[in-house]
Amino acid sequence: MDRRRFLLQSLGALGSLFISNTASAQAVVPSHSRFTFAQLRYRGGTWDPHPNAHVEFLREINARTSVDAAPERKVLSLTDRDLFQFPFLYLTGRNEFSPFSAEETENLRKFASLGGLLFVDDASGTPGSGFDRSLRGELERAFPQHPLERLPQDHSVFRSFYLLRTLGGRRIVNPFLLGITLDNWTPVLYTQNDVGSAWERDYLGNWRYEAVPGGDTQRSYAFRLGINVALYALTADYKRDLIHLPFLRRKVL
Amino acid sequence: MPSSVSTLWSASTLAWEPLIPGWAVALLALGAIALLSFQFIKIFSRVSRKDSVLLIGLRILALALFFGLLLSPVLLVQERERLVPGVAVLVDNSRSMALKDGDPSVTRLDLVRKILGSSQAGLLHDLQGSFIPQIYLFGEDVQRVSGKELAQARADGNATRIQKAIAEVADQSREAQAPLAGIVLLSDGAQTDAAPPEGAGGIPVVAIPLGNSQKFRDISISSLNVPPLGFVNLPMELKFSVRSHGYPALSIPLILRQGERIIQSKSVTVPGEGEEQVRFTLTPREVGDYQLSVSTPARAEEEITSNNQTQFTVRVLRDRIRILIVSGSPSWNYRFLREAFKNDPTIDLVSFVILRTPLDEVNVPENEISLIPFPTDRLFTKELDNFDLIIFDNFTYLPYFPFYYLENIKKFVEKGGAFAMLGGPSSFRDGGYAGTPIEEILPVEMNGPEATYRQNSISVQLTREGINHPMTRLGSDGHSPADVWNQLPRLDGFNRVNRLKRDAIVLATARDPGSADSGEPFLVVSSFGKGRSLALMSDYFWRWNFTAAGGNQTNRPYLQFVHRMVRWLVRDPGLDPLAAKADRSAYEPGEEVTIRIRALDRDYSPAKNPTLTVSLQGPGGERISLIPKPGEKAGDFIATWRATNSGEYRVQVETRNQPANPSRAEFSFGVHSGILESASGYPHLETLQNLANVSHGLVVSPEELSRGGTDKIRRLLESRSQFRLVAERRLKLGQTPWAFALLTLVLCLEWFLRRRRGLP
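What counts and how
Residues numbered from 1 in each chain as written. Chains lettered and ligands numbered in written order. Predicted model: local features only at pLDDT ≥ 70, side-chain atom pairs only at ≥ 80, totals over all residues. Heavy atoms only, no water. Core = buried A, V, L, I, M, F, W, Y, C linked by side-chain atoms within 4.5 Å. Buried < 20%, exposed > 50% of the residue type's maximum accessible area, 1.4 Å probe, protein only. Axes fitted to C-alpha atoms, helices over the stretch in contact; angles between N-to-C directions. Helix = DSSP H or I, 4+ residues; strand = E, 2+ residues; numbered from the N terminus. Parallel < 35°, antiparallel > 145°, perpendicular 65-115°, else oblique. Left-handed = near helix turned anticlockwise from the far one by under 90°. Contact = heavy atoms within 4.5 Å. Nonpolar A, V, L, I, M, F, W, Y, C, P; charged D, E, K, R; others polar. Salt bridge = Lys/Arg side-chain N within 4 Å of Asp/Glu carboxyl O. Polar contact = N/O pair within 3.5 Å; in protein donor to acceptor, adjacent residues only side chain to side chain. Pairing = 2+ DSSP bridges. Right-handed = clockwise from strand over helix to strand, strands pointing away. Patch = residues over 30% accessible without salt bridge, like charges linked within 9 Å, V, L, I, M, F, W, Y side chains within 5 Å. Areas by Shrake-Rupley, 256 points an atom, 1.4 Å probe, with all protein chains shown as cover.

Q: So what's going on with the nonpolar core? Residues and values would help.
A: Membership of the largest hydrophobic core comes to 161 residues, with the highest contact counts inside it found for Phe380, Phe392, Phe522 and Phe561 of chain B. The next biggest cluster of nonpolar side chains, apart from the first, holds 30 residues, and it includes Leu127, Val184, Leu186 and Ile208 of chain B.

Shown next, in the form of structure tokens:
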């Protein structure tokens, strides 16, 4: 990084701190009032491998879309009494974690069936990780009749804002998304590409991790995926409405 | 039913009443056979063969007499009398029996009278003596008449219900325990109820068909498939049958009318003595009752002209409720509302969500984004009238379309559409709607600095109006609506409004939890022009779905509320405060028409003293005012009217409790003479033949009666003669002195012969 870029980023960081403080002085916004990035905390393993990933993601979603996203994340467990105030949940980790209790499993099942969305991100960057094994076991217990399956390319999540043909992340472990679908709603979306690490900056504003092998293009697709997942949570199959079809057909073909 | 004794008739039968059980008789018989065999061997060796046979024969005779006495024979002598049975003579006096079938001087009913004759001649005379004729007139109902009444009867019945008449007469005879020998049916067979032929409980039916199908000339139109319900903007097919009798192949013009207005016309070619089907396709454009008719002009020599048209009513409803929802941004409110609408099969949802504002960054080519242009011109000018309800959900119009589109929405509501504004930071005054046509539509005023969006935690309570209102009267497991609303999760955002409009009805208020104040308007409704509007001052009511169901509650109140909100806004008749209907859709002249009215106040409690006006508009445009009387339950009213002239009548019921916004209910009914009977007078010999076949009767034409037909009828009826037991005598043969004397005599003779032959 050259000196000019470093100075500009430092000034930007200072400026954003100033704006943030001014905004919070004007209105006290409860964290669950708008689209809130709620992250799931669990026992064992590493539930928060990239603690600042949400910051850049929320900044991007506010900048690029009309979604009114709360700037702070909310950390919750599956037994938290506020769980059903937040229909979007982010679950990540690198290692194996302790099995969910019966109450946690039941709450996860209820969360999904009532219309909530769980976005799962394997931060290990390797296939068959401990996190992957634990997650699959928990999902199988919670949704025994509904296996985790590869989502087709015409799924609404791939067109809820961006027309996604490529998936991003820190590492491309799988070029596809997995999901559990109940009727017409896919309440569980799972990527193994560690998108959280691709979103995260350090305190100086630099990207904390390199996106390999695609670099910044691959990183930009990680943001696009996150935005599409959030928009899918907020609009469901909106992009399948008839009013969109002729436009989308023209763009896709 | 009277019947008299004709002749006495006797019959005898022999019966047995054994004195000892049968098995004992059998044992004794075996013993007797053994004894006889032994004695025969003994006697045969001592006397001649001739004497042996004589002695053994006498012994057998004595034993037979003995066993005869044991079995105790009884002679039953019965005396019976033959009854003179009744014969029901069913005479069809429906309107079709007034037809003359080419002979200008004799109607079908006149011919019946001629066939039956009097006590001096005719079929009645021939039946009398052997049978007791009982004459009935039937059309819609059955009525027993005398010969004199038959002579004066007119063919004026409004229906022909042959099967019903037969069943009633058969039942009467069964109840009176005087079975009929038969039923003589005189009819043209043109039944109006299409009842399948059935037996008459074992009573044979003798059918004498009237009418001459060769001379009958008629064109008739009947409905084959006319759906009673249609839907706005959906083509509906109306199917009719056109029949021709007595004419060669004809091209027949048909006219479809709504009231007096011609809607469509077409020609159909009907073969001679044939039938042709014809279809009209109608696409109703408005909700309501459509009084329709299909007709063709009368032709020369046509027997019946009233069946040249058929009238019917089609009720046109909304097909599906078409909702346009415009959301200012993707939000949980949109997400859960969308889900509720999409899961309702009666709702057709078009939604548009602003995914990106003009201020948002654009950092990728357009073909990598799934966004589409906001088709404002199409939605708010060209296709606005295709919707029933428009919802602005936290949406500001300012960056997207010009002011005059709001004027279009106002006109849309004035004409009967519905509009709802849901709260949020871009709604009401914050959305720039103060002083716009949207503010005119809505029941709230939003000027003033206080009228802005706040992020307060609020709880929602029903008002007194809200407790009765169909939109908010939510039920759940026996809880009152107020309880249900009190238990809903709190909301964290709220739009304050300046003040309420005069006609606004506040259904729910919002207040800070723990606060003692009466709260601020939260859910407000009103009418605007012919339409309705609603203001819901929050973008957080999705919590009543996801949060409530995730806790220890249910999302049923949310789903009920959304369902009812839509229904009330689009004026679903089921939620209307005024409902009125007649007890039938068609009446005969002279019948009483009963109109039942249900009136509710503006808070949807039963109306206590409503100012109700009920008026009828007749076929000639005449207006008749009726005075309704209170019914049995509070809010119920009844108005009655005696139907006079034939035609279609339009009823309007109005309440004037809210002069600016009266409630109105409208419907129609028809008054027609012989609605069914006039459909066809064509003689249906086949119907009569089927009746005769299933009842094991016969068909005798009027011409056959004088050529042996009457004798055939008599023979059939006589074969079903009935007898009654008058007396019965029982003669016990074994208990007479003669039986004992005979036994004694045989024993003595045997003993005498045995002594003479020197036997012991």
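Read on for the rest.
Q: Please give an account of the packing of helix 2 (residues 49-71) of chain B against helix 17 (residues 737-756) of chain B that cites residues and values.
A: All names here are of chain B. Running from N to C, helix 2 and helix 17 point in directions that differ by 160°, and their axes come no closer than 9 Å. Taken as axis vectors, helix 2 and helix 17 run roughly antiparallel relative to one another. The chirality of how helix 2 crosses helix 17 is left-handed. Across the interface between the two elements, Leu54, Leu55, Leu58, Arg59, Leu61, Ala62, Leu65, Phe66 and Leu69 from helix 2 touch Ala739, Phe740, Leu742, Leu743, Val746, Leu747, Leu749, Glu750, Leu753 and Arg754 from helix 17. For the contact of helix 2 with helix 17, the per-class residue count stands at 16 nonpolar, no polar and three charged.

Q: Explain the pattern of salt bridges to me, using residue names and the numbers behind them.
A: In this structure the tally under the stated criterion is 46 salt bridges over all chains. Across the salt bridge formed by Arg64 of chain A and Glu60 of chain A, the nearest N and O atoms sit 2.7 Å from each other. One end of the pair, Arg64 of chain A, and the other, Glu60 of chain A, are both in helix 2 (residues 53-64), four residues apart, so they sit about a helical turn from each other. In terms of burial, Arg64 of chain A and Glu60 of chain A fall into one category: buried. The salt bridge partner of Arg714 of chain B is Glu718 of chain B, with a shortest N-O separation of 3.3 Å.

Q: Summarise the side chain of Thr160 of chain B; cite the residues concerned and give the values.
A: Residue and element names in this part refer to chain B. Structurally, the position occupied by Thr160 is in the loop between helix 5 (147-152) and helix 6 (162-175). A distance of 2.9 Å separates polar atoms of two side chains, one belonging to Thr160 and the other to Ser94. A distance of 3.4 Å separates a polar side-chain atom of Thr160 from the backbone oxygen of Ala190.

Q: So, the pairing of strand 3 (residues 88-93) of chain A: which residues are in play, and what are the values?
A: Residue and element names in this part refer to chain A. Here strand 3 lies mainly inside the structure; six of its six residues are buried. Direction of pairing for strand 1 (residues 38-40) relative to strand 3: parallel, over a ladder of two bridges. When the sheet's bridge partners are listed, Ala38 is paired in strand 3 with Leu89. The pairing of strand 3 with strand 4 (residues 117-122) spans six bridges and is classified as parallel. For Tyr90, the partnering residue across the bridge sits in strand 4 and is Phe119. For the crossover from strand 3 across helix 3 (residues 102-113) to strand 4, the handedness is right-handed.

Q: Tell me about the pairing of strand 3 (residues 86-92) of chain B, and please be specific about residues and values.
A: All names here are of chain B. For strand 3, the buried fraction is high: seven of the seven residues fall into the buried class. Going residue by residue along strand 3, you find Gly86, Ala88, Leu90 and Asp92 tucked away on one face and Val87, Val89 and Val91 tucked away on the opposite face as well. Relative to strand 4 (residues 132-138), strand 3 runs parallel, the two sharing seven bridges. Across the sheet, Asp92 pairs through a bridge with Phe138, a residue of strand 4.

Q: Summarise the side chain of Arg532 of chain B; cite the residues concerned and give the values.
A: With respect to the helices and strands, the residue Arg532 of chain B is situated in strand 27 (residues 531-536). What Arg532 of chain B contacts, discounting residues up to four positions off in sequence, is Val413, Gly417, Ala418, Phe419, Ser526, Ser527, Trp568, Leu569, Arg571, Asp576, Pro577 and Tyr604 of chain B.

Q: I'd like a rundown of a nonpolar patch on the surface, residues and numbers included.
A: All names here are of chain B. Nonpolar side chains collect at one region of the surface, where Leu14, Trp16, Leu731 and Leu733 lie side by side and expose about 400 Å² of accessible area between them. Position of Leu733 among the secondary structure elements: in the loop between strand 38 (723-732) and helix 17. On the basis of relative accessibility, which here comes to 33%, the residue Leu733 falls in the partly exposed class.

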